[in-house]
Amino acid sequence: MNLSHLYYFRKLAEVQHYTHAAEQLFITQPTLSNAVSQLEKELGIALFEREGRNVRLTKQGKEFNEYVTQALNLIDKGVDIAHEHAGSLSASFDLGVVYTIQADYLPSLMRAFQLKYGQNTRISINQGLSGPLIEDIQCGRYDVVFCAKGKDIAGLEFVPVFKQRLVAVVHDYSPFANCEEVTIDDLSHAKVITYTPGTILGDEVDALLKPHIEAGLDIYGTCDDEITLGSMVDSDPSAVGITLETLGLLPFTGLKTVPLKEAPGGFHPVYMVYRKNVFQPRAVENFINFVKEFKFSETRFMVPIDDEAVEEKQDEEGAEE
């Protein structure tokens, strides 16, 4: 059985169109047709059936495809491992990120990853919001994303990597500017600006503020990101923002952040997300495992995840399975 024919079969099973599959394989359509015919003759079964201009797998073809895909994936991974041992692993993958991790976490992670695995892995980094990033990894646009987590989604693994602080942001000359910390009740007479409910982060903050809102806290304005929030507070000396402390606040030199008593330490977790139970190229597998083991020091913009909390979460997930 010709190994090339198996690769041709897998591509046709994926694309379900002879012309398109041949184009992606950089072969002629007759070459592809002959390869499939030889496979069917050797196996003694029909692998495909016509459906208009397309083809689809027969029942026997679907079963054969499952085994062929598993076998070829293992071969591909074995080749990657051999190249890695030879110091010549060259690969690329797509990474989606929320912009707030680009201040210190992402640069330190990438430097450490390249120090261990070299410069041959090309990583394309794309920025987005958490909701769309999750949708994009579900449909295969990205191999790995870093974002917030709204709820468990079948087929996706969420690994917490660090937390971000929730703080009050005020003008330098605000009466709160010299406080070591403030409470939400302290802000009851201020023009409070925070995140818009309906987003993952907005709902997290809304849950924290809900009892205070019911007690009379007035939300003066809402927005979706720290840059907009910072500009709103900067333009109104009487306003106070309840926000994550991120690089989005850096342009506003006249503002100061003050710890929020109700949110000590880290408040908002950021996760690495990838698809479960699918073949991962060796470079992606290396990256995922590296992120899980990556250690870093606490900074202004990120707080390490408590290892015990992660182990407890993993134990709970294992019990559910």
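Thresholds, definitions, all that
- Residues numbered from 1 in each chain as written.
- Predicted model: local features only at pLDDT ≥ 70, side-chain atom pairs only at ≥ 80, totals over all residues.
- Heavy atoms only, no water.
- Helix = DSSP H or I, 4+ residues; strand = E, 2+ residues; numbered from the N terminus.
- Buried < 20%, exposed > 50% of the residue type's maximum accessible area, 1.4 Å probe, protein only.
- Contact = heavy atoms within 4.5 Å.
- Areas by Shrake-Rupley, 256 points an atom, 1.4 Å probe, with all protein chains shown as cover.
- Lys, Arg positive; Asp, Glu negative; His and termini not counted.
- Charge placed at Lys NZ, Arg CZ, Asp CG, Glu CD.
- Polar contact = N/O pair within 3.5 Å; in protein donor to acceptor, adjacent residues only side chain to side chain.
- Phe/Tyr/Trp six-rings, centres within 6.5 Å; stacked < 30°, edge-to-face > 60°.
- Salt bridge = Lys/Arg side-chain N within 4 Å of Asp/Glu carboxyl O.
- Axes fitted to C-alpha atoms, helices over the stretch in contact; angles between N-to-C directions.
- Parallel < 35°, antiparallel > 145°, perpendicular 65-115°, else oblique.
- Nonpolar A, V, L, I, M, F, W, Y, C, P; charged D, E, K, R; others polar.
- Pairing = 2+ DSSP bridges.

So, the overall build of the protein
Stage number 1. Scanning the protein from N- to C-terminus turns up 10 helices and 13 strands.
Stage number 2. Judged by the C-alpha coordinates and their principal axes, the protein covers about 85 × 45 × 40 Å.
Stage number 3. Going through the 321 residues of the protein one by one, you find that 44% of them count as buried.
Stage number 4. In the protein, the proportion of contacts linking residues at least 24 apart, taken out of those at least 6 apart, comes to 74%.
Stage number 5. In the structure as shown, the protein presents an accessible area of about 17,200 Å², 49% of it carried by carbon and sulfur atoms.
Stage number 6. Computing the positive centroid from 28 side-chain charges and the negative centroid from 48, the protein places the two 8 Å apart.

Some points on the side chain of K149
Stage number 1. Relative to the helices and strands, K149 is located in the loop between β5 (144-147) and β6 (156-164).
Stage number 2. The buried category is assigned to K149, whose relative accessible area is 16%.
Stage number 3. Of note is the side chain of K149, whose polar atom sits 2.7 Å from the side chain of D152.

Overview of the packing of aromatic side chains
Stage number 1. For the structure shown, the criterion picks out 16 aromatic pairs.
Stage number 2. Each ring, one from F158 and one from Y271, has its centre 6.1 Å from the other, and the planes form 85°; the classification is edge-to-face. Here F158, found in strand β6, pairs with Y271, found in strand β12 (residues 268-275); they are 113 residues apart in sequence, far enough to count as distant. Both residues of the pair, F158 and Y271, belong to the buried class.
Stage number 3. Within the aromatic cluster, the residues linked to one another by ring pairs are F93, Y105, F113, Y117, F146, F162, F287, F290, F294 and F296.

As for the side chain of D104
Stage number 1. Relative to the helices and strands, D104 is located in the loop between β3 (91-97) and α5 (105-117).
Stage number 2. Of the buried charged residues, D104 lacks a salt bridge, with R165 as the closest side chain of opposite charge at 7.7 Å.
Stage number 3. A polar contact is formed between the side chain of D104 and the side chain of T299, at a distance of 2.6 Å.

Focus on the packing of helix α1 (residues 3-15) against helix α3 (residues 29-43)
Stage number 1. For the pair α1 and α3, the least separation of the axes is 9 Å and the interaxial angle reads 105°. With respect to α3, the element α1 is oriented roughly perpendicular. Residue-level contacts link H5, L6, Y8, F9 and L12 of α1 to T31, L32, A35, V36, Q38 and L39 of α3.
Stage number 2. Grouping the amino acids of the contact of α1 with α3 by side-chain chemistry returns 8 nonpolar, 3 polar and no charged.

Notes on the sheet that holds strand β10 (residues 239-244)
Stage number 1. The mixed open sheet is built from 5 strands, whose spatial order is β9-β8-β10-β7-β11. Sheet topology places β9 (219-223) and β11 (255-259) at the edges, where each strand pairs with a single neighbour. Neighbour-to-neighbour, the strand axes of this sheet turn through a mean angle of 30°, independent of strand direction.
Stage number 2. With 3 bridges connecting them, strand β8 (residues 191-195) and β10 associate as parallel partners. The partner of K191 across the bridge, within β10, is A239.
Stage number 3. Set on the sheet, helix α8 (residues 226-234) makes contact with β7 (166-171), β8, β9, β10 and β11; between it and β10 the angle comes to about 165°.

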